[in-house]
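Spelled out, the chains give:
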Amino acid sequence: MPKPKRRNPVVPVPKAAVRQSENSRTHTKNSSRIARQDHVRNAASSRNGGDRGKRPREGNDADSKHTDIKRRKLHANSSSRRWLDASDRACKQWPPLSVVHKQAAFAVQRLLEADSSRKHGASLKSLTLAPHIEAKKATFAVTCQVLKLPGMATRARSSGNPHPSPKFTQILEHLDEQAELTASEPKLGKYVAMVLSYELLRGQGLQRKGPAERAVLAAEPKLRAAMDTLLLEAGVKTLDELLAKRHRGLKSGCHARGGGGGGGGGGGGLAPEVPHPRWVRVNLLKANLDDVIRQLDEHLQSTKKTKPHQEENKRQQQTEKRKQQKKDAAMQQQEQQPQVVLDALLPDLLALPPGTDLHDHPLVTRGSVVLQSKASCMPARALNPEPGWTVVDCCAAPGNKTTHLAAILGNKGRVLAFDKDPKRLARLRSNAALTGASCIEARLADFLSVDPTAPEFREVRGVLLDPSCSGSGTIFTRMDHLLPSHRHRGAAAATTGATDTTEAAAAAHAPSTFPASAPTSTATKGKKKKKDEADNVVQQQQQQQREQGLDVSSEGPGLAQLLPQVHERDPVEAGRVAQLARFQAAALSHALRFPSLERLVYSTCSVHVEENEAVVAGVLQEAAEAGLELADPFPSWHRRGLPLFPGAEKLIRTDAYQDGTDGFFIALFRRRQPDVSMQEKPM
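Predicted model only: the values in this text are computed from it and were never measured.

Peer 1: Where do I start with the overall build of the protein in this structure?
Peer 2: Helix and strand counts for the protein come out as 25 helices and 14 strands. Split into buried and exposed, the 683 residues of the protein put 45% on the buried side. For the protein, the exposed surface amounts to about 37000 Å²; the carbon and sulfur share of it is 52%.

Peer 1: Could you clarify how one ought to interpret the UniProt feature "binding site: S-adenosyl-L-methionine" (unreviewed entry) in the protein in this entry?
Peer 2: Within this structure's numbering, the places UniProt gives as "binding site: S-adenosyl-L-methionine" (unreviewed entry) are Cys395, Ala396, Ala397, Pro398, Gly399, Asn400, Lys401, Asp419, Asp446 and Asp466. With respect to the helices and strands, the residue Asp419 is situated in strand β8 (residues 414–419). A relative accessible area of 9% means that Asp419 is categorised as buried. Polar side-chain contacts of Asp419 include one of 3.3 Å to the backbone nitrogen of Ala397. Checked against the element boundaries, Asp466 lands in the loop between β10 (460–465) and α19 (484–496).

Peer 1: Is there a simple way to explain the sheet that holds strand β3 (residues 278–282) in this structure?
Peer 2: Two orientations exist for strands paired in a sheet by backbone hydrogen bonds: parallel and antiparallel. Spatial ordering of the open sheet is given by β4-β5-β3-β6, a layout of four strands whose pairing is antiparallel. Single-partner strands in this sheet number two, and they are β4 (341–342) and β6 (369–370). As paired strands, β4 and strand β5 (residues 349–352) are joined by two bridges and run antiparallel to one another. Along β5, the bridge assignment pairs Val341 with Ala351. Running at roughly 10° to β5, helix α12 (residues 289–302) makes contact with β3, β4, β5 and β6 of the sheet.

Peer 1: How should I be thinking about the pairing of β3 in this particular structure?
Peer 2: Note on strand geometry: in a regular strand, side chains alternate between the two faces of the sheet. With four of five residues buried, β3 is to be regarded as a mostly interior element. In the sheet, β3 pairs with β6 via two bridges, with the strands oriented antiparallel. Bridged to Val282 within β6 is Val369.

Peer 1: For this particular structure, what's the right way to read the UniProt feature "active site" (unreviewed entry) in the protein?
Peer 2: As recorded in UniProt, the feature "active site" (unreviewed entry) lies at Cys605. Inspection of the secondary structure puts Cys605 in the loop between β11 (599–604) and α24 (613–618). In this structure Cys605 touches Cys469, Gly471, Ser472, Gly473, Thr474, Gly663 and Phe664, once residues within four positions along its chain are discounted.

Peer 1: When you look at the packing of aromatic side chains in this model, what are you seeing that I'm missing?
Peer 2: The relative placement of two aromatic rings is captured by the distance of their centres and the angle of their planes. On inspection of all chains with the given rule, the structure shows five aromatic pairs. When the ring of Phe447 is compared with that of Phe594, the centres are 6.4 Å apart and the planes differ by 25°; the resulting orientation is stacked. Taken as a pair, Phe447 in the loop between β9 (440–444) and β10 and Phe594 in the loop between α23 (571–591) and β11 lie far apart in primary sequence, 147 residues in all. Considered together, Phe447 and Phe594 belong to a single accessibility category, that of buried residues. A ring pair is formed by Phe476 and Tyr657, whose centres lie 5.0 Å apart and whose planes are at 85°; its orientation type is edge-to-face. With Phe476 in the loop between β10 and α19 and Tyr657 in the loop between β13 (652–653) and β14 (665–671), the pair connects residues that are 181 residues apart, well separated along the chain.

Peer 1: Would you mind showing me how to read the packing of helix α8 (residues 190–201) against helix α9 (residues 211–218) here?
Peer 2: Relative placement of two packed helices is described by the angle separating their axes and the distance separating the axes. Where α8 contacts α9, the axes come no closer than 10 Å and their chain directions differ by 60°. Classified by the interaxial angle, the pair formed by α8 and α9 is oblique. The interaxial crossing formed by α8 with α9 has right-handed handedness. Note on element contacts: α9 touches α8 through Ala212, Glu213, Val216 and Leu217, opposite Val192, Leu196, Ser197 and Leu200. Partitioning the contact of α8 with α9 into residue classes produces six nonpolar, one polar and one charged.

Peer 1: Can you help me understand the state of the cysteines in this one?
Peer 2: Scanning all chains against the criterion turns up zero disulfides. Just so you know, Cys395 is unpaired, no disulfide at all, and the nearest cysteine sulfur is the one on Cys394, 6.0 Å from it.

Peer 1: Sorry if this is basic, but what is going on with the environment of Asp419 here?
Peer 2: Along the chain, Asp419 and Asp446 lie 27 residues apart, while their C-alpha atoms are 5.9 Å from each other. Not counting the four nearest positions on each side in its chain, Asp419 is found in contact with Cys395, Ala396, Ala397, Arg424, Leu425, Arg443, Leu444 and Ala445. Separated by 3.0 Å, the side chain of Asp419 and the backbone nitrogen of Asp421 make a polar contact.

Peer 1: Would you mind showing me how to read the pattern of salt bridges here?
Peer 2: Tallied over the full model, the rule gives 16 salt bridges. Residues Asp343 and Lys374 are paired through a salt bridge, measuring 3.0 Å at the closest nitrogen-oxygen approach. Of this pair, Asp343 sits in the loop between β4 and β5 while Lys374 sits in helix α16 (residues 374–383), and the two are 31 residues apart along the sequence. With relative accessibility at 12%, the residue Asp343 sits in the buried group. On the accessibility criterion, Lys374 (9% relative accessible area) is buried. Asp348 is the salt-bridge partner of Arg381, the closest N and O atoms lying 3.2 Å from each other. Of this pair, Arg381 sits in helix α16 while Asp348 sits in the loop between β4 and β5; the two residues are 33 residues apart in sequence, bridging distant segments of the chain. Residue classification places Arg381 among the buried positions, given a relative accessible area of 18%. By relative accessible area, Asp348 is classed as buried at 2%.

Peer 1: Just to check I follow, could you spell out the packing of helix α6 (residues 171–179) against helix α10 (residues 220–234) for this structure?
Peer 2: Close contact between α6 and α10 brings their axes to 9 Å; oriented N to C, the two are set at 120°. Considering their axes alone, α6 and α10 lie oblique with respect to each other. Judged by the sense of rotation from one axis to the other, the crossing of α6 with α10 is right-handed. Between α6 and α10, the contacting residues are Ile171, Leu175, Gln178 and Ala179 on the first element and Lys222, Leu223, Ala226, Met227 and Leu230 on the second. Taken together, the residues of the contact of α6 with α10 sort by class into seven nonpolar, one polar and one charged.

Cut-offs applied
Residues numbered from 1 in each chain as written. Predicted model: local features only at pLDDT ≥ 70, side-chain atom pairs only at ≥ 80, totals over all residues. Heavy atoms only, no water. Helix = DSSP H or I, 4+ residues; strand = E, 2+ residues; numbered from the N terminus. Buried < 20%, exposed > 50% of the residue type's maximum accessible area, 1.4 Å probe, protein only. Areas by Shrake-Rupley, 256 points an atom, 1.4 Å probe, with all protein chains shown as cover. UniProt positions renumbered as here; feature names shortened; annotations may be inferred. Polar contact = N/O pair within 3.5 Å; in protein donor to acceptor, adjacent residues only side chain to side chain. Pairing = 2+ DSSP bridges. Contact = heavy atoms within 4.5 Å. Axes fitted to C-alpha atoms, helices over the stretch in contact; angles between N-to-C directions. Phe/Tyr/Trp six-rings, centres within 6.5 Å; stacked < 30°, edge-to-face > 60°. Parallel < 35°, antiparallel > 145°, perpendicular 65-115°, else oblique. Left-handed = near helix turned anticlockwise from the far one by under 90°. Nonpolar A, V, L, I, M, F, W, Y, C, P; charged D, E, K, R; others polar. Disulfide = S-S within 2.5 Å. Salt bridge = Lys/Arg side-chain N within 4 Å of Asp/Glu carboxyl O.

Listed below in structure tokens is the structure:
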């Protein structure tokens, strides 16, 4: 029989012991909680640089506990105050209730701040037409209208200065100052006030009323009184008349100065004399030219009654009736002319009426056509590679010119596309897939690190080099002509009244980039330093010309004579252009090293001499040693390069003001042809 298991005797526990055990567990929990709090507090104190490595204050427990609680409260209050101050500065201003007004105010702020600091940032189109923007057309229209209100020219006459320089102030900023709008309402941001004031005075009015809208409405009597005073001083009755008067004055001044000279189109701030059509390149890899013309013509006929200007006039029906009548008359004239025109120079390029919106058209979304300006299409056509060639696009992204090369080849050959930016190269691959350019091989690499003499490049016969440049020829594409610094340059050109051709060409190709708000004291203080820097630049250019065998005499328009206004150029912009020119010269010299090279095109969207003719002049001897010479890609084109050296008449320039497209520069190097005199003469 098994033995029974032995059990421990049950001993009663006193109540005092139970209470002591519970108190012990509570004390342990409280100790852990206090320890965690002390750890967090010490970590925060260490991050803030306070009480690190210090001994605790001596004293009784009550005093220490009271001091600790007080210190924690002060720390929390100070952190809260710092956060609230930062929030008040950045986030606590009154936002507009309308999404359009909010987005437009942000775009205006980014553009004007970048322009005043002379930094090149995002463009107006990228800020208002990006994929995340809501109501893109309305946001773009409001932003443009706000930036189009420059115009208050105030002339500060100083003793001994008979020709005062105009200083332009935003009309909306002037009205804000006179009405004391943002000064009396600190939570109303400056740029929000500009957008809402425009909508109140020139737009449809303020319908949704939040704190920002109510503040602007409360100041409406003062705003309208300031506007009446402004119009009275200008001698006009309406704001449209004021803007038209200013435009005529600047335009006449530009004509007195000689216009764009020999083909610049980079400064001045005026609207183009020849409107820019909506240029459309037909992608011959996916579409037929006749079919595209038919579809686009049908699209224009179907949307004739809902033109974009009519959508804008819905917001301005009460204030722009006369402008509507003018647009209707212009539309009637356009109806009598062909809506889709085949370009006479480029066989795959179409011109549509200005302002035609095709971003959502199926031809664009399918890649059958590419929205690309005429000047941007000219480099690939200048190279004109033959089917079966291996072509190198040195700085390829985002890929419009690259896909154009593939279309000219008919996908029969290879296009090696280099770019060192991964994001831009991904965009190039996307564009190549959309357009069906299967012959493109995108490579993530810096072109200067590529060895042109490597065996894999032995068959390269064409090179397109379109390197990074100042972009000074794309002011209308980027809408930079609406910014104050460009209007300031246009006003300066209007007041000088220079008639000499050389001075006009120099002004067109070496524009000043001082913003309108630049303090005059800084310019005066650094005048001697700028003059010394300018003298050094001119001397360096003269030395380069002598080494290259160019004419540096005062009689001919040599490079030194085309840079007299370097004394007035912004040193920041001058340094940027000089740095870009050094890179462009190195890239062009590197591109000439391909052993089987037949044709090479160098192009920029710049109007500066340093980035164009000067770069080409620097490699002429090297090109001659490689068996290449300058050639004329478009004999029928009217605008040529500046006459800095023999053969410059073969260079191509486009003018953003007079040619209906961006300002570009194109140079074609071609394998030297055999001497005709050595060939056998026909009988």
